[in-house]
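# Descriptive structure summary
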Amino acid sequence: MATEATNGAGETNGAAAEKTVTFTSLKPQLFVESSKASDAVAFYKAAFGAEEVNRISHPKRKADQELPLLLSAEIKLGSSSILISDLSDDSTALVKTVGTGLVFCLETEDIEAAIDKAVKAGAVAEGEITEGEGACCGGRVGMVKDPYGIVWLICTPAKKCANVDA
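A short tour of the structure in this document, coming up. Please read all numbers here as calculations on a predicted model, not as lab measurements.

## Things to note about the pattern of salt bridges
Tallying each qualifying case throughout the model produces six salt bridges. As a salt-bridge pair, Glu 52 and Arg 55 come within 2.7 Å of each other at their nearest N and O atoms. Each of the salt bridges in this network shares a partner with another, and the network as a whole consists of Lys 45, Glu 52 and Arg 55.

In structure tokens, the structure reads:
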């Protein structure tokens, strides 16, 4: 069973102890071009077998707008969750542009089948499958880019190292 991450400190020099804060999960939020979040959720279901667990649409969307703004859709990939949202031009939006510099890593034993499924759903395979020390995960790794510009590494499960210094 996984342990929960905690932040906080105990008593220091006789001072009152700080309250310990416990986090139960981390959910990255991925912003895609406006009105494409629903398509992205459908793609992640088809390409990676994601399960949609929650959806929240904008309550004050104008009637003349064809598609409702998706504030967030929570999808589950394995034991992890990701929030997918439409990028908004609203002045209160947390993010103003579609992000770059983001890479997700999915672990599986069958990299070829996973890449093939993602490509059939609309992703583009990037490069060849790499193996060994040159691979970021230490095993085998392939890469696809989804229709929304996000890079997904598809790796064999990371090998446990005996001599790891923190």
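## Considering helix H1 (residues 37–48)
Given a rise of 1.5 Å per residue, twelve residues ought to cover 16 Å, and the 16 Å separating the end C-alpha atoms of H1 matches this to within 8%. The set of residues buried in H1 consists of Ala 37, Ala 40, Val 41, Phe 43, Tyr 44, Ala 47 and Phe 48. Viewed along the axis of H1, the buried residues span an arc of 160°, placing them on a single side of the element. Among the residues trailing H1, Gly 49 stands out with phi positive, at a value near 70°.

## Quick word on helix H2 (residues 111–121)
Within H2, burial applies to Ile 111, Ala 114, Ile 115 and Ala 118. Axial view of H2: buried residues confined to an arc of 95°, hence all on one face. The elements touched by buried residues of H2 are H1, strand S8 (124–125), strand S10 (140–145) and strand S11 (151–155). Phi for Gly 122, located one or two positions after H2, is positive at around 125°.

## A short note on the packing of H1 against H2
H2 packs onto H1 with a crossing angle of 145° between their chain directions and a minimal axis gap of 7 Å. For the pair H1 and H2, the crossing hand works out as right-handed. The segment H1 lies against H2, with Phe 43, Ala 46, Ala 47 and Phe 48 engaging Ala 114, Lys 117, Ala 118 and Ala 121. Taken together, the residues of the contact of H1 with H2 break down into seven nonpolar, no polar and one charged.

## Things to note about the sheet that holds strand S4 (residues 51–57)
Taking strand neighbours across the sheet as the criterion, the four strands line up as S3-S6-S5-S4 in an open arrangement whose pairing is mixed. With one partner strand each, in any of the chains shown, strand S3 (29–32) and S4 form the two edges of the open sheet. Between one strand and the next, the sheet's axes are offset by a mean angle of 20°, whatever the strand orientation. Summarising the sheet, S3 and strand S6 (residues 80–86) pair through four bridges and their orientation is parallel. Bridge pairing in S6 places Gln 29 opposite Leu 83.

The rules behind each value
Residues numbered from 1 in each chain as written. Predicted model: local features only at pLDDT ≥ 70, side-chain atom pairs only at ≥ 80, totals over all residues. Heavy atoms only, no water. Salt bridge = Lys/Arg side-chain N within 4 Å of Asp/Glu carboxyl O. Helix = DSSP H or I, 4+ residues; strand = E, 2+ residues; numbered from the N terminus. Expected span 1.5 Å × (residues − 1). Buried < 20%, exposed > 50% of the residue type's maximum accessible area, 1.4 Å probe, protein only. Arc of directions from axis to C-beta. Contact = heavy atoms within 4.5 Å. Axes fitted to C-alpha atoms, helices over the stretch in contact; angles between N-to-C directions. Left-handed = near helix turned anticlockwise from the far one by under 90°. Nonpolar A, V, L, I, M, F, W, Y, C, P; charged D, E, K, R; others polar. Pairing = 2+ DSSP bridges.

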